[in-house]
Amino acid sequence: MPPCDEWLSIALAYRSTVYDYCQLALRPTLDQAAAERMGEILQQAKAEPLLSLLIDEADGLVERLQPCLCQQHLQQQQQRLRLAIDAFWVEELLATCRPQANTNV
């Protein structure tokens, strides 16, 4: 297990990513570029447990910063985000699955 100073250094390295995440999460809507960036951050968090923990904490902070948003609006935003992330994921999956052009013709 890394010493405390090492954990702190690792956590600080995620500072800009968590900041980006908070900025995006506080927006009332996400354009395509913002949705793609959010998807990148969430994909990275899936692979990196410390970032995932920091994102979970950021979600709590975002929730406290947006107390005036009604539950319905939050659910709509979450659904839009899910759709954008799913679309991004499908595009990436299709890009990796497309057959290479046959060069032996």
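Residues numbered from 1 in each chain as written. Predicted model: local features only at pLDDT ≥ 70, side-chain atom pairs only at ≥ 80, totals over all residues. Heavy atoms only, no water.

Caption draft 1: Spotlight on the overall build of the chain. Scanning the chain from terminus to terminus reveals 5 helices and 0 strands. The order of α-helices and β-strands along the chain, N terminus first, is α-α-α-α-α. Going through the 105 residues of the chain one by one, you find that 21% of them count as buried. Contacts spanning at least 24 positions in sequence make up 63% of the contacts within the chain whose residues lie at least 6 apart. When the accessible surface of the chain is split by element, carbon and sulfur atoms take 57% of a total near 8000 Å². (Helix = DSSP H or I, 4+ residues; strand = E, 2+ residues; numbered from the N terminus. Buried < 20%, exposed > 50% of the residue type's maximum accessible area, 1.4 Å probe, protein only. Contact = heavy atoms within 4.5 Å. Areas by Shrake-Rupley, 256 points an atom, 1.4 Å probe, with all protein chains shown as cover.)

Caption draft 2: Summary view of the nonpolar core. The biggest cluster of nonpolar side chains holds 14 residues, and the ones touching the most others in it are Val18, Tyr21, Leu51 and Ile55. Residue assignment for this core shows that the elements contributing at least two residues are helix 2 (15-25), helix 3 (32-47) and helix 4 (49-65). With 5 residues, the top contributor of residues to this core is helix 4. If sequence neighbours within four positions are ignored, Tyr21 has contacts with Met38, Ile41, Leu42, Ile55, Ala58 and Asp59. (Core = buried A, V, L, I, M, F, W, Y, C linked by side-chain atoms within 4.5 Å.)

Caption draft 3: A look at the side chain of Thr17. Within the element layout of this structure, Thr17 appears in helix 2. Accessibility expressed as a relative area gives 10% for Thr17, which makes it buried. For Thr17, the contacting residues outside a window of four places in its chain are Arg37, Ile41, Gln44 and Leu51.

Caption draft 4: Spotlight on the packing of helix 2 against helix 3. Two elements in contact, helix 2 and helix 3, have axes whose closest approach is 10 Å; the angle formed by their N-to-C orientations is 135 degrees. The orientation of helix 2 with respect to helix 3, classified from their angle, is oblique. The two elements helix 2 and helix 3 cross, and the hand of that crossing is left-handed. Judged by residue contacts, Thr17, Asp20, Tyr21, Leu24 and Ala25 of helix 2 engage Ala34, Arg37, Met38, Ile41, Leu42 and Gln44 from helix 3. Considered class by class, the residues forming the contact of helix 2 with helix 3 number 7 nonpolar, 2 polar and 2 charged. (Axes fitted to C-alpha atoms, helices over the stretch in contact; angles between N-to-C directions. Parallel < 35°, antiparallel > 145°, perpendicular 65-115°, else oblique. Left-handed = near helix turned anticlockwise from the far one by under 90°. Nonpolar A, V, L, I, M, F, W, Y, C, P; charged D, E, K, R; others polar.)

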